[in-house]
Amino acid sequence: MASLGYYLLLAAFVVCAYAAAISVAGARRRSRALIESGIGAFYLLAAIMAVASAVIVYSFVVGDYSIRYVQRYSDSVQPMFYKLTSYWGGLDGSIMFWVSLLSFFGSAAIYVNRERHRELIPYVVTVISVVEMFFLFLMIVHNNPFQTYLTESPTDGTGLNPLLQNFYMAIHPPTMYLGFVGLTIPYAFGMAALITGYLDDSWLRAVRRWTMISWLFLSIGLGLGMIWAYEELGWGGYWMWDPVENAGLLPWFTATAFLHSVMVQERRGMLRVWNVALVITTFFLTIFGTFMTRSGVVQSVHAFGDDPELARLFTIFMVATVVVSFGFVIYRLPLLRARNELDSWLSREAAFLVNNWILLFSAFFVLFATMFPTLSEAVRGERLTVGPPFFNQWMLPIGLTLLLLTGIGPLLAWRKSTVQNLRDSFLIPVTLGVVTAVAVALLGVRVWTSGICFALSAFVVGTIGQEFWRGARVRQRATGTDVFTALVGLVARNKRRYGGYVVHLGMVLIFFGFAGEGFKQKEEAQLKPGQQVKVGSFVVRHDALSITDDGQKQMITAHVTVLRDGKPFAEMYPAKWIFRKHEESPTTEVAINRGFAQDVYLVLATFDAATQTASIAVDINPLVNWVWMGFGLLALGIGIALLPDAVFSFATAPLPANAATTALIFLAVVLSQGVALAQDTIPAIFRSPLERQVAGEIMCNCGGCRLSVSDCGMMNCHGKSGQMGKIQQYIAEGKDHDAILATFVREHGGYDVLMQPPNRGFNRVAWLLPYVVAVVALLGVAFTARRWSRHEAAAPDAAPIDRELDARLEDELRNLD
Amino acid sequence: MSSETSTSKTPPASDVHVVAALPSWQLFALAGLVGATIVVFVSRGQSPAAIILLSVVVFAAAAVGAAALRTLVPFVRGYEGLSVSIVGGRARAAIDREKTLVLRSIKELEFDYAMGKVSDQDFAEMGLRLRTRAAGLLRQLDAGAAYSTQIEQELTRRLAEAGIAAAPRADRFCTQCGTSATATARFCGQCGHRLETA
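Residues numbered from 1 in each chain as written. Chains lettered and ligands numbered in written order. Predicted model: local features only at pLDDT ≥ 70, side-chain atom pairs only at ≥ 80, totals over all residues.

1. Focus on the confidence of the model for chain A
All names here are of chain A. Here chain A averages 81 in pLDDT, while 86% of its residues score no lower than 70. The low-confidence segment residues 670-679 (pLDDT under 50) makes 23 contacts with residues lying over four places distant or belonging to another chain. This stretch, residues 792-798, has a pLDDT under 50; its non-local contacts, to residues over four places away or in other chains, come to six contacts. (pLDDT = per-residue confidence, 0-100. Contact = placed C-beta atoms within 7 Å.)

2. Side note on the packing of helix α8 (residues 184-196) of chain A against helix α9 (residues 202-233) of chain A
All names here are of chain A. In the contact formed by α8 and α9, the axes pass within 9 Å of each other and the chain directions differ by 170 degrees. Compared by their axis directions, α8 and α9 come out roughly antiparallel. In contact with Ile 185, Pro 186, Phe 189, Gly 190 and Ala 193 of α8, α9 contributes Trp 203, Ala 206, Val 207, Trp 210 and Thr 211. Considered class by class, the residues forming the contact of α8 with α9 number eight nonpolar, two polar and no charged. (Axes fitted to C-alpha atoms, helices over the stretch in contact; angles between N-to-C directions. Helix = DSSP H or I, 4+ residues; strand = E, 2+ residues; numbered from the N terminus. Parallel < 35°, antiparallel > 145°, perpendicular 65-115°, else oblique. Nonpolar A, V, L, I, M, F, W, Y, C, P; charged D, E, K, R; others polar.)

3. Notes on the environment of B:Val102
Residue and element names in this part refer to chain B. Here Val 102 shows up in helix α5 (residues 83-114). Overall, the presence of 21 C-beta atoms within 10 Å leaves Val 102 in the buried class. For the pair Val 102 and Gln 46, spaced 56 residues apart in the sequence, the C-alpha separation amounts to 65 Å. (Buried ≥ 20, exposed ≤ 12 C-beta atoms within 10 Å, placed from the backbone.)

4. Quick look at unusual backbone geometry
Residue and element names in this part refer to chain A. Located in the positive-phi region is Gln 612, a residue other than glycine, with phi close to 60 degrees. Secondary-structure assignment places Gln 612 in the loop between β9 (598-608) and β10 (613-622). For Gln 612, a count of 17 C-beta atoms within 10 Å translates into the label partly exposed. Positive phi, normally seen in glycine, also occurs at Leu 623, with a value near 65 degrees. Take Leu 623: it is sitting in the loop between β10 and α20 (624-642). The exposure class of Leu 623 is buried, given the 22 C-beta atoms found within 10 Å.

Listed below in structure tokens is the structure:
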């Protein structure tokens, strides 16, 4: 089977090369036969990759341990489900999975568009094929998943990393890859348009839907990754700005920017160069993200390890991509010239410009901060850590500004808004926001960022509600139906706009959940059976400890009762699983009791089987579930935007059936996990404010988590207890905050023990550059906008429209929707 | 389960005429079914998952065959050049597209006005500007007339090639300029005169 697989990969490479070459030849010679053959070859590639995928999955299922990849990422006792998902559990397989997905996705895109965009298709085939060739080449020369053991082969595998044996981890990579892979399609169409010179808006139409689909997968992929981190890593949070997470976020930012600015081009014919550049950048970032995480350039929990050869190959490919793509953009600049005119700063175009500026800045900042340690090592030979505190400091204001814009943008009209309109449309949302702000302040919320976030959320909800309401009323007056029918008609008539608003609502929910972070409570306590600890309004009682075994792993489970106001609240079972083949890294099985107001999140940190003592970390995470619900709503919104017109055409199906089902399934999947798995009160382990502060700034040296000491999920880890002990010792010695940090740096021998680089020397670049870039970009936006707005007032043609023509115009307008 | 699949889905193999008339992909689907049946028979005793996957392999292989055929067939089948359709229609399509864009902008403006986002003055001014532009585009489209005649000719030719007689055309003519019109047209394609709807 192994050699069959390898030959299939070779065949795929040949077919790919054929498809690329024959398509170019066909397009240049205008030969339909050659072009059709190229399309056929692309389908052939997809078919071959399907066979190869089936072969490798078969090898996993029957346990063919003579194949290295199979041996390393599965074993015989693994459940069937995880045997299937081991396909993408490692580097080699994930590249192959990537290639397969791209060929399937590409085939679908080509099949759908083959008639509509006949002039672009040959080059689309070429571009996708060339991208595929690179990855196939990578597999053939460097990362062959079908490589076998030369001499004797082992009888059993080493097993998939236990951390990856989680439901969300099984479905998170495919969705993420679908998002990444999907973004190749817009790139291919964009490049085809550049190559052929057919740069009118038709390629955008082909690309829009595919970008939306990819964006949906990317968003859901990010969401699933967050759920996985939350459930499996056991540190109580869901986002830690790990390089791999950032790699997924980068193209998300640029794709979001593209989805917004594409509207400006459609509506106003502006921003043509910008949109092409965004598509290229997005594609580049997907490749760069893969490069960053697969080649070991940056340190990360997900990274597959150091691989300079892979890094070299990737670098060549990326440089070639950038040079060729932007080379074509420059070559085609004359054709991309657009009628740019900006009537007013108070217009939706201007709001989109600002939106793009912020999103692009976010992408730049995340990229820069992720790469900074590597940069610093290259320039000064000093490895640093850029941890969550640094990111949060920056992304918090950026996120809030973006949320504010989400509320402002829809209220502005295209071209020009007047003071009167502004007063009219801002009144309700702003009132709502202010009322919320006051209420939040009166309720005694002292976390100002969360307070602002709540107020802004209310503002945005007000905006969107008002848009729906007023739109429905206008429609109602125009059609004379009831409000509900008018609402459905409204959404049906402009699915993208109102679907987009639903997506905005989803974002509001996500932000609402983020704001809950500000009220997080975290305690840790060593409990004997019968003892309990109080955290916030909850009392956590440890009842017993049980140890069981299922052949694959040993499971230590704590039986815990949670009480609220003296009444039983939940039975929970936090656990530690020790997998046979990975005894050095036991997995944390978190017990979560989900609720709309908060999650009670229990982690069994350490245990002593003899005395039945368990050390339990208790996190009270407010509002977390709103984040997951936000992702559900986001999927619903995209679903509405993507629905074909036919769904709305008959009145019996007024609701977007598919979308609702999709979202419901998603929500059900998310919420079905809601049931939690896992007498004298003793105080929680006391930590002084200084100790908490320092613990948040020092990195745990357990060697794998890359989190701060206070966040490391492995609570029995030698690194954490050692560091904590040191911190306590220094505090006892009477050292102040700075002195403690200095001592840590001295003892560790480098600044990378700190979660964020100190603000001096070369590191100042890390602190300054983002400001500089932000300001320069803002000036750039302002300058362009000024230039565009200085057009001469276009005098309407003096020629009056004759009545005949006017009637025709009216008729066409009536027929438009 | 597998034997059930093979008996229920395999068309009667004796009927050679039916098979010969099948599109090629159905032949390959058939081959896949037969192959899968053989695989299931040969690999009795393996776990169900393995058998299913082997069947998937066989089916994918059949797809490879179909796709390979798809790659080669274009060389055998003749295609006339595709250059004809693209070049001429391009500029016109662009104008047409722009027209739709402008019309949409008008719609959008009216909607925004109804939502109270645009002042009366702005509405009047921008509306006039857009309508003037749309009218200009309409005139431009009219100037490049004879286009629909071209399409008609091309259509008739293609239909004749395919051996289908062209659909009988509605005998309606514009009362103003005498150009023929389709049965459903409400305006003359040549001069824009409003036609009497029957």
